[in-house]
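A look at the structure
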Amino acid sequence: MGRGNWRLVDPGWGPPPLTGSVVECRCSPSFVRSFLVMTYRVRRERGWRAVGRVGLVLGLFALQGCDSKEAEGARGSPQPPPVLQRVEGELLVRFREKDSPSAMSATSAAWGAKVVHGYTSLPGLRVVRLPPGTDLERALAAYRLDPGVLYAGYNSIYSSNSDVPNDPEFERLWSLRNTGQSGGLTGADIQAAGAWGVTTGSSDVVLATIDSGIDYTHPDLAANVWTNPAEIPGNGLDDDRNGYIDDVHGINAIGAGSGDPMDDGNHGTHVAGILGAVGGNNLGVTGVNWKVKILACKFLDSAGNGVESDALKCLDYFLGLKTRAAHPVNIVATNNSWSCRTRSCNSPAMRDAIARHMTAGMLFVAAAGNVNANIDVAESWPARHDLPNILAVAATDRKDARWGLSSFGPQTVALGAPGVEILSTVPGGLYRAFSGTSMASPHVTGVAGLLAAQDPTRDWKAIKNLLLAGGQAVPSLANVTLTGRRLRAWGPQRDGALNCDRQLLTRRLKPLLSSSRLTLVVGGSLPVAVLNINCAAPGGEVVVTVAGRGPAVLRLLDDGAGDDQAAGDGIYTARFIPRDAGSYALGFPGGETVFVDVLRPYLSVEERPSTYEVMTEDAVRLDDAGDETVSVIGPLPFPLRFADVQPGFTTLHVDSNGRIGFAPGLSLAANSALPAPFFSSAILPLWQNLEVPSQLPSGLFYEVLGEAPHRKLVIEWRDALYAGVSFSTPLTFQVVFLEGSSDIAFNYANVLLGSDEYPEIDNGGAATVGIQTAPSAALQFSHLAPSLSNGTSLLFRTSLPHPSPGPVVSAPVLVSSLPREDSPITLQASFRDDGQETGAWTVAWDCHHDGATFKPEVEQSVGAPGSVSTTCVYSKSGRYAVAVRVTGQDGTSSEVLATVFSVSDVTPGSLSSGSDPPRESESCASMPWSAIPLQGLMLLLLTGLLRGNRRGRRP
């Protein structure tokens, strides 16, 4: 097996991750084979045997070692020690409000759990601590199955988004005013000087930080630190009754919490200085706001890591201050320079809490992350949550280039802001320069403060839209951020945030694009959203054109109904719901087109005796197929009407691991249940870890059989091996596409590996079998279940099966053991007729069937359904097909079914099975010894000895 990238992931709140990872390793081929086999056994076993295999798998990791895959641009730099991605022994559980008292006590008692924290703003949400040694995964599964639980997940750990300081002597604030210092580009800044001509901020505006705290004694910050008017400092009492004693300048949410948000790191104080270091005081630096009030909540520790439950405490605390009856705090926005890059951090609790902030009128400005990833598809939370009050920010450098480690997202990341070598305050009255999206986001939050100071009546919607519309277009942000713009507080042409005049901005928000085309099923719905603003105001109704079947246009509305989360915020929404299969083109304002293939889902699968397609010498061998490979077939001689799409697909991507797709992608050895998150559409005859041999006559083949308009495209895995399993019988199977039809057949010649060591992987026991039409629609025949057998076929259809109006016949089966020329050859079939109980049926046989026209050579009249047979004689050796058809009294005929076999000449040594499927009638037991070559006898003897030895060693 080739070198593979293996992700060890934490499933967290929902399904397996698409891209998020905790550890990413590159492992040797032999290790990957062993790992796959061992992990498969662990999935199938229980008890101490499974524990032993887990230990072996972990031991393989320890002995093998792995090379860290570093972010681009970071190679060679020191790497921090790995940090835990969740709090051991703790879960976040939200109980349904009406069931909270009973559900919490019953579930907690069952697991010996203790509720250690609750949230005022999110009723029913609790931090649950379990006893030491508890199986956290099992406890989580139990909570999720409890009908009294709304959702449950791990208590994840977030990290700050700044690099270590790299230039402590940097003294020029280029991000506020760039004159080209230190090799920068003149004007590549936020134009703060122009904005300060309008306002330098206001002490009535409060900006909140969720970070590592703040050094509220710093000489350049102290005057701008918020003080709680409802709290008496130092009296040891909770004067405002919000749960925190002496929360004069904010809180420390870590653990039990306290009223002291003093920063014991650098990060939070650095962010605070960008927001609002005091201006005009002849000391140190100035922030975006000369005057402002900074409110801090500490949830990151000195190492820059924090727990989700503590971040939720911060959001809960700020919401309480914003909405309290006495002394409400005018929090305009929160700054969130932290992120988590695992699927478990896609937390509904976090999303609910941010949504409550939106309802209360607060912006949530978030750092995009520092891994140079497209967070439209990659994990980066909370920036990626789909809420209109979230602004995700990328980082730019002093030359207006996107910083090399800054994450991005054409629909998820709103804009960029300076974030490289930013000088600001740090604890102890000092100043240092940091880099990261952590430094970019407070520039945006700071300008939000200036906008609120300029016009106190502005709500979060107007402030957000001005930040976006007032940005300056820069090439480095085009197509990697929503706006393609860098933050600009003031513009010389009345085109900045604080002096915006008739600045129009229209951008597609949804659908997100992970490939050039999207896939949808008939009757499914696709969210469509467009940002359309004119400075602070919504820009008016948006129309999206639809080319294809169905309505000609979609009218998008900004009314707060349905999918539209906030009325009047400039985001217009609708849903595209196609009623017919086909290809559609959605035309967005500005000329952008999104292509959508609408498919009819596969609804039925029928198991039947196989009519295995015998390929000729004209079959094409895919020479690039091997281990972990994807081969391309196309253009095809006729379009494939997969899922009834018309005109159909003309290119296939065939994975050596028993999978066929319609778009480029990586080979996937590790399977999952369907629908799988790794691809949009796929045909999966035997999706498991396979290897296609490189030597003839084995391989991956395809061929077109028959004549138009009834051709068949046959793709065959011939003698495929299960990777990592020695001394096993190769697997042979096919996928058959029919011209002009959406029907797809899977034919199985051999699915019996015959391995003494791994009998459970026979008959598809380690495979996923089925068809996935779209990310949310699939028809699964089996997953990790031995449900297949040799000589059978699966027929997938987009329609439900109907009771047969006539006879149903099976494919003929060869009874004669060694078909030879000039000798009678017996074939047998059977039929049933659910619509006719008595009478006569006509059974017709075609001994020389050409695959297209049925020409009866023998006709029989039978009085009852059941088994029927005939004999055929052939004067020459070669390949022949025998077909059968049954007709009832009313003239209704069955489907014509055929079987193909080889007829040998009278010389035993010339017997040839070619590429025919194995048959019981041709087993070694029934063959004369004279027909078996000497090499075959030696191989049989050696195989028997090896199998005997293995059986003797098994426990």
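About the criteria used
- Residues numbered from 1 in each chain as written.
- Predicted model: local features only at pLDDT ≥ 70, side-chain atom pairs only at ≥ 80, totals over all residues.
- Heavy atoms only, no water.
- UniProt positions renumbered as here; feature names shortened; annotations may be inferred.
- Helix = DSSP H or I, 4+ residues; strand = E, 2+ residues; numbered from the N terminus.
- Buried < 20%, exposed > 50% of the residue type's maximum accessible area, 1.4 Å probe, protein only.
- Contact = heavy atoms within 4.5 Å.
- Areas by Shrake-Rupley, 256 points an atom, 1.4 Å probe, with all protein chains shown as cover.
- Disulfide = S-S within 2.5 Å.
- Core = buried A, V, L, I, M, F, W, Y, C linked by side-chain atoms within 4.5 Å.
- Domains from an automatic or database assignment.
- Pairing = 2+ DSSP bridges.
- Axes fitted to C-alpha atoms, helices over the stretch in contact; angles between N-to-C directions.
- Lys, Arg positive; Asp, Glu negative; His and termini not counted.
- Salt bridge = Lys/Arg side-chain N within 4 Å of Asp/Glu carboxyl O.
- Polar contact = N/O pair within 3.5 Å; in protein donor to acceptor, adjacent residues only side chain to side chain.
- Parallel < 35°, antiparallel > 145°, perpendicular 65-115°, else oblique.
- Left-handed = near helix turned anticlockwise from the far one by under 90°.
- Nonpolar A, V, L, I, M, F, W, Y, C, P; charged D, E, K, R; others polar.
- pLDDT = per-residue confidence, 0-100.

The UniProt entry for the chain carries this comment under Sequence similarities (unreviewed entry): "Belongs to the peptidase S8 family."

1. A look at the overall build of the chain
Scanning the chain for helices and strands turns up 11 helices and 50 strands. Taken across its 955 residues, the chain has 54% of its residues classed as buried. Once local pairs closer than 6 in sequence are excluded, the contacts in the chain between residues at least 24 apart make up 68%. Accessible surface, the chain: about 39,300 Å² in total, of which carbon and sulfur atoms supply 54%.

2. Considering the state of the cysteines
Under the defined criterion, the tally for this structure stands at four disulfides. The side chain of Cys297 participates in a disulfide bridge whose partner is Cys314; the two sulfur atoms lie 2.0 Å from each other. Judged by the torsion about the S-S bond (-75°), the Cys297/Cys314 disulfide is left-handed. With a gap of 17 residues between them, Cys297 in strand β9 (residues 291-298) and Cys314 in helix α7 (residues 308-323) connect regions that are remote in the sequence. A single burial state applies to Cys297 and to Cys314, both of which are buried. Going through the chain in sequence order and numbering each bonded cysteine, the pairs you get are 1-2, 3-4, 5-6, 7-8.

3. Things to note about the nonpolar core
Nonpolar side chains in soluble globular proteins tend to end up buried together. With 69 residues, the main nonpolar core has Val444, Val447 and Leu467 as its most contacted residues. The element that contributes the greatest number of residues to this core is helix α9 (residues 437-454), accounting for nine residues. Structurally, this core is a two-domain feature, drawing no fewer than three residues from each of domain 2 (187-501) and domain 3 (506-591). Contact partners of Leu467, with chain neighbours within four places excluded, come to Leu363, Leu391, Leu415, Val444, Val447, Ala448, Leu451, Leu487 and Ala497.

4. As for the sheet that holds strand β27 (residues 582-587)
Pairing between the strands of a sheet is mediated by backbone hydrogen bonds and can be parallel or antiparallel. The mixed open sheet is built from five strands, whose spatial order is β21-β28-β27-β24-β25. Edge strands, defined here as strands with exactly one partner in the open sheet, are β21 (517-521) and β25 (553-556). Mean inter-strand twist for the sheet, computed between neighbouring axes without regard to direction, equals 25°. Here five bridges tie β21 to strand β28 (residues 593-599), and the two strands are oriented parallel to one another. Bridging from a neighbouring strand, Thr519 pairs with Asp597 of β28.

5. Thoughts on the side chain of Glu703
Turning to its location among the elements, Glu703 is positioned in strand β36 (residues 699-705). One buried charged side chain, Glu703, makes no salt bridge at all; its nearest oppositely charged neighbour is Arg718, positioned 6.8 Å away. Within the structure, Glu703 has its side chain in polar contact with the side chain of Thr616 (distance 2.4 Å). Those residues in contact with Glu703 that lie beyond four places of it in its chain are Met615, Thr616, Asp618, Ala619, Lys712, Leu713 and Val714.

6. Considering the UniProt feature "active site" (unreviewed entry) in the chain
Following the UniProt record, one finds the feature "active site" (unreviewed entry) at Asp211, His267 and Ser438. Separation in sequence by 228 residues is not matched in space for these annotated residues, since their most distant C-alpha atoms are only 10.0 Å apart. Along the chain, the position of Asp211 falls in strand β7 (residues 201-211). Residue classification places Asp211 among the buried positions, given a relative accessible area of 0%. Contacts of Asp211, omitting those with residues within four sequence positions, involve His267, Gly268, Val271, Cys297, Lys298, Phe299, Leu300 and Ser337. Structurally, the position occupied by His267 is in helix α6 (residues 267-276).

7. Looking at the sheet that holds strand β46 (residues 841-846)
Pairing in this open sheet of four strands is antiparallel, and the strands run β47-β46-β49-β50 from one edge to the other. The open sheet is flanked by β47 (858-862) and β50 (897-903), the only strands paired with a single partner. The mean inter-strand angle of the sheet, taken between neighbouring strand axes irrespective of direction, is 20°. Where β46 and β47 come together, five bridges link them in antiparallel fashion. Within β47, the position partnered with Val843 by the bridge is Gln860.

8. Quick notes on the environment of Asp135
Checked against the element boundaries, Asp135 lands in the loop between β5 (125-129) and α4 (136-145). For Asp135, a relative accessible area of 35% translates into the label partly exposed. Separated by 46 residues in sequence, Asp135 and Gly89 place their C-alpha atoms 8.4 Å apart. Reaching out from Asp135, the side chain makes a polar contact with the backbone nitrogen of Glu137 at a distance of 3.1 Å.

9. Points about the packing of α7 against helix α8 (residues 348-360)
Put simply, α7 and α8 touch, their axes get as near as 10 Å, and they point 15° apart. By the angle between their directions, the pair α7 and α8 is classed as roughly parallel. Once α7 is placed against α8, the crossing between them reads as left-handed. Only Ala349, Met350, Ala353, Ile354, Arg356, His357 and Ala360 of α8 make contact with α7, whose side of the interface consists of Glu308, Ala311, Leu312, Leu315, Phe318, Leu319, Lys322 and Thr323. Grouping the constituent residues of the contact of α7 with α8 by class yields 10 nonpolar, two polar and three charged.

10. A closer look at the confidence of the model for the chain
Predicted coordinates in regions of low pLDDT should not be interpreted in detail. The pLDDT averaged across the chain works out to 83; a share of 82% of its residues lies at or above 70. Ignoring residues within four places in sequence, the model shows residues 1-84, a span with pLDDT below 50, making 149 contacts including any to other chains. Below a pLDDT of 50 lies the segment residues 162-171, which in the model reaches 26 contacts outside its immediate sequence neighbourhood of four places, other chains included.

11. Thoughts on the side chain of Thr483
Looking at the element boundaries, Thr483 is found in the loop between β18 (472-473) and β19 (485-486). Of the residues examined, Thr483 reaches a relative accessible area of 3% and is grouped as buried. Of the polar contacts made by the side chain of Thr483, one reaches the backbone nitrogen of Arg485; its length is 3.1 Å.

12. Regarding helix α10 (residues 460-469)
For α10, the tally of buried residues reaches nine of 10 residues, placing the bulk of the element in the interior. Among the residues of α10, those classed as buried are Trp460, Ala462, Ile463, Lys464, Asn465, Leu466, Leu467, Leu468 and Ala469.

13. Some thoughts on the environment of Thr179
Examined against the element boundaries, Thr179 turns out to sit in the loop between β6 (149-160) and α5 (192-196). Accessibility expressed as a relative area gives 45% for Thr179, which makes it partly exposed. In sequence terms Thr179 and Asp189 are 10 residues apart; their C-alpha atoms lie 9.0 Å from each other. Not counting the four nearest positions on each side in its chain, Thr179 is found in contact with Arg172 and Thr186.

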